[in-house]
Amino acid sequence: MISLLIVDDQKHQVDSLATTMPWEQYGISQIHTAYSGQVALEIIRTHAIDILITDIRMPGISGLELIQFVNEQKKNIDCILLTGYAEFEYAKQAIELHAIYYFIKPVRDEVLLDAVSKIVDKRQNERKQHQIFEYATSIVHQNLPLLKENLLLDVLQNTGISMNQLTEKLDMYRIPFPYGHQVKMVAIKLDPYFYESYGAADMKLFQFAVLNMAEELFSVSYHIWGCKAPQGHLIMLLLPKTKDEETAIHWNDEQEHNWLTLANRLTENVDYYLKGQITTYVANPAQFPEEIPAAYSSLLSMLMKSNQQRGMIISAPQLGTDRAMKPLRSLYEQPLLIRLMDTRDREKLNHKLSDIFSELEHSQSDSQAHLREAYLHLLSSFTYLAHKNGKVLEDIVGSASSRAEHNAIHSAKLLKTWSLVILDALFDEGSLQIDDNHRQLVNKVHSYIEQNLGEDVTLQSIGDSVYLNAIYLSQIYKEITGENLSEYILRARMEKAKILLEQSSFRIYEITERVGYQSSQHFIRTFKKYYGVTPEIYRKR
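Note that the structure is predicted; figures quoted are calculated from it, not measured. Positions within a chain are numbered from 1, following the residues in the order the chain's sequence is written. pLDDT decides what is reported in this predicted model: residues at 70 or higher carry local features, side-chain atom pairs at 80 or more are listed and counted, and totals for whole chains, interfaces and linings draw on all residues regardless. With hydrogens and water set aside, each side-chain value is computed from the structure's full complement of heavy atoms.

1. A word on the overall build of the protein
The numbering of helices and of strands both runs from the N terminus, where a helix is a DSSP run of H or I of at least 4 residues and a strand a run of E of at least 2. When helices and strands are counted, the protein shows 25 helices and 11 strands. Expected size for 541 residues packed as a compact globule is a radius of gyration near 24 Å; at 39 Å, the protein overshoots this value by more than 25%. For the C-alpha atoms alone, the extent of the protein along its principal axes is close to 110 × 85 × 40 Å. In the protein, which comprises 541 residues, the proportion classed as buried is 42%. Here the globule rule is a power law, 2.2 Å times the number of residues to the power 0.38, and the radius of gyration is based on C-alpha atoms. Only protein chains enter the accessibility calculation, which uses a 1.4 Å probe; a residue whose area is less than 20% of its type maximum is buried, one above 50% is exposed, and one in between is partly exposed.

Dropping the structure here:
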């Protein structure tokens, strides 16, 4: 919607321009008129004007003074000046006042309309660009928490974001972390009780609640920037504020004491409101952003090596005091878990698992590193047994157990529960074992199809060859292989056709017969649908 204001002290010229020109065809939807500069000023003050066409010489307020007012008030109005005098001084002032066009009267209609048309196009483009910018800004605002989290993960993991990109995003997301200032990095790990008692959706709410509590407590004295790490714990960067809400370059004793007090209060609040505990790990102050990836690695190492110390605040160890890691003894003692899988002795397997989890729960007290060590060892053994029996582990245990796997390494109790579910599924004879009779049946079916591929292979003929009802054969073949018999026949035909195209000089009609098709056109359509190209093109390639 573009509005136009026409100003001239000669009434007939204003009325003529307003009523005789086809303004609507050029995108003008609203026309205002004024017969003096003073009236024009009132219209500009009270209406949204896009284009101003004004005479220069008028009693009282001149056209140049009108444009000067527009500029002073920072009105976004494009101005066209008309004058009956070809004076250089007028032209000079018009240029200085940023008038878009300057015409000498009488100006031809098409010239004036062309000027207006160009201004309309320009303003419509500006509005479109503004709408795009507003939309993009609203999208950024809606997704700001996620964008901030992702940027922090990039900084922590040193993903290769350039300094220019980081500076631009820090400014865009209004994250007040200046380069060169010292920040304190904190990791918060939720008590395994949360993971043992709640599902994934509830855990997201708990993590969100803990971050909200932290922001509420720390934001008075610190700038806080947090995210959820891939391992499931929460990470926060803290930067002290000064009295004028700016940032401090270094941490002093008062800030250290203050943050520790607030961290203890956060632990108390989580215990009181969420009925669970957290363990807080804190790294030594690091310079932003250069030292952040190294501090994050150090913090992860602390978190992995440390035993569960619920309700505690654990600081980075002094150089040389970090405890040495030792492998889980029970995992590597004879008999090995993977060998027990071979024997399929459930009693011995249960005894072995009991030893592993006893060591995890007592000797190692849910150390994250040892939980991961045990998890990977168990997963490897379970996968071995599944593959040995021609299966994929996920197909045996189902999607529910696969989802539980994500939480398994958060505590020995969860890992034990997950392991027993997997073991039960593996030892379920109905889901794992394909007996020899079934294997022999599948081999006989495949052999018959391959030998008779050039004939009209039907479900009935295959059933007759193995002395089974055709419908029953179809059902049992699908149960054993997970594939329809018709799908296997098609694949066998297409693979044989491909080999004949690659390794023989048979013509297309000859290949058609050898793979059991009556019509060359039917074969060509099927081959193209299967491989994406016709047999002729495939052979040329």
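From this point, things continue past the structure.
2. Thoughts on the packing of helix α20 (residues 459-466) against helix α21 (residues 470-481)
Where helices are involved, their axes are fitted lines through C-alpha atoms of the stretch in contact, as for all axes, and angles between N-to-C directions lie from 0 to 180°. Between α20 and α21, whose axes approach to 8 Å, the crossing angle comes to 90°. Classed by the angle they form, the pair α20 and α21 counts as roughly perpendicular. Every residue of α21 that contacts α20 at L459, Q460, I462, G463 and V466 is listed here: A470, L473 and S474. Residue classes follow a fixed rule: Ala, Val, Leu, Ile, Met, Phe, Trp, Tyr, Cys and Pro count as nonpolar, while Asp, Glu, Lys and Arg count as charged, and any other residue, Gly among them, counts as polar. Taken together, the residues of the contact of α20 with α21 break down into five nonpolar, three polar and no charged. Throughout, the term roughly parallel applies to angles under 35 degrees, roughly antiparallel to angles over 145, roughly perpendicular to angles from 65 to 115, and oblique to all others. The contact definition used throughout considers only heavy atoms, calling two residues in contact when any of these lie within 4.5 Å.

3. Brief notes about the confidence of the model for the protein
The quantity known as pLDDT measures the predictor's confidence residue by residue, on a range of 0 to 100. Summarising the model, the protein shows a mean pLDDT of 84, and 91% of its residues fall at 70 or more. Considering only residues more than four positions removed or in separate chains, one finds that residues 429-434, a stretch of pLDDT under 50, has 13 contacts.

4. Quick word on the sheet that holds strand β4 (residues 78-83)
Two pairing modes exist for strands in a sheet, parallel and antiparallel, and in both the strands are linked by backbone hydrogen bonds. Any two strands with at least two DSSP-identified bridges between them are counted as paired. Reading across from one edge, β2-β1-β3-β4-β5 is the order of the five strands in this open sheet, with parallel pairing throughout. Two strands lie at the open edges of the sheet, namely β2 (28-34) and β5 (101-104), each paired on one side alone. Across this sheet, the average inter-strand angle for adjacent strands is 15°, counted without regard to direction. As paired strands, strand β3 (residues 51-55) and β4 are joined by five bridges and run parallel to one another. Looking at the pairing, T54 lines up with L81 of β4.

5. Side note on helix α24 (residues 520-531)
Helix length check: α24, at 12 residues, gives a terminal C-alpha distance of 16 Å against a target of 16 Å (1.5 Å per residue), a fit within 8%. Along its buried surface, α24 packs onto α22 (485-503), α23 (508-514) and α25 (535-540). Once α24 ends, the next one or two residues include G532, with phi positive near 90°. Any helix carries an expected span of 1.5 Å times its number of residues minus one.

6. Some details on the pattern of salt bridges
Here a salt bridge means any side-chain nitrogen of Lys or Arg lying within 4 Å of a carboxyl oxygen belonging to Asp or Glu. Across all of its chains, the model carries 16 salt bridges by this definition. Between E42 and R45 there is a salt bridge, with the nearest N and O atoms lying 2.9 Å from each other. In this pair, E42 and R45 both sit in helix α2 (residues 37-46), three residues apart, roughly one turn of the helix. Accessibility expressed as a relative area gives 44% for R45, which makes it partly exposed.

7. Some details on the packing of helix α15 (residues 368-388) against helix α17 (residues 412-426)
One way to put it is that α15 packs onto α17 with a least axis distance of 11 Å and a crossing angle of 5°. It follows from the interaxial angle that α15 and α17 lie roughly parallel. Across from L371, A374, Y375, L378, L379, F382, L385 and A386 in α15, the residues of α17 making contact are A412, L415, W418, S419, I422, L423 and L426. Grouping the amino acids of the contact of α15 with α17 by side-chain chemistry returns 14 nonpolar, one polar and no charged.

8. Quick notes on the side chain of D50
Mapped onto the elements of the fold, D50 is located in the loop between α2 and β3. By relative accessible area, D50 is classed as buried at 7%. What qualifies as a polar contact is a pair of N or O atoms within 3.5 Å, subject to a donor-acceptor requirement within protein and to the restriction that residues adjacent in sequence count only when both atoms come from side chains. In this structure the side chain of D50 is engaged in a polar contact, spanning 3.0 Å, whose partner is the side chain of R123. At 2.8 Å, the side chain of D50 forms a polar contact with the side chain of R127. In contact with D50, not counting residues within four places along its chain, are M1, I2, S3, N76, I77, D78, R123 and R127.

9. Topic: α22
Along its 19 residues, α22 runs 27 Å from first to last C-alpha, staying within 8% of the 27 Å computed at 1.5 Å per residue. For α22, the set of buried residues is L485, Y488, I489, A492, R493, M494, A497, L500 and L501.

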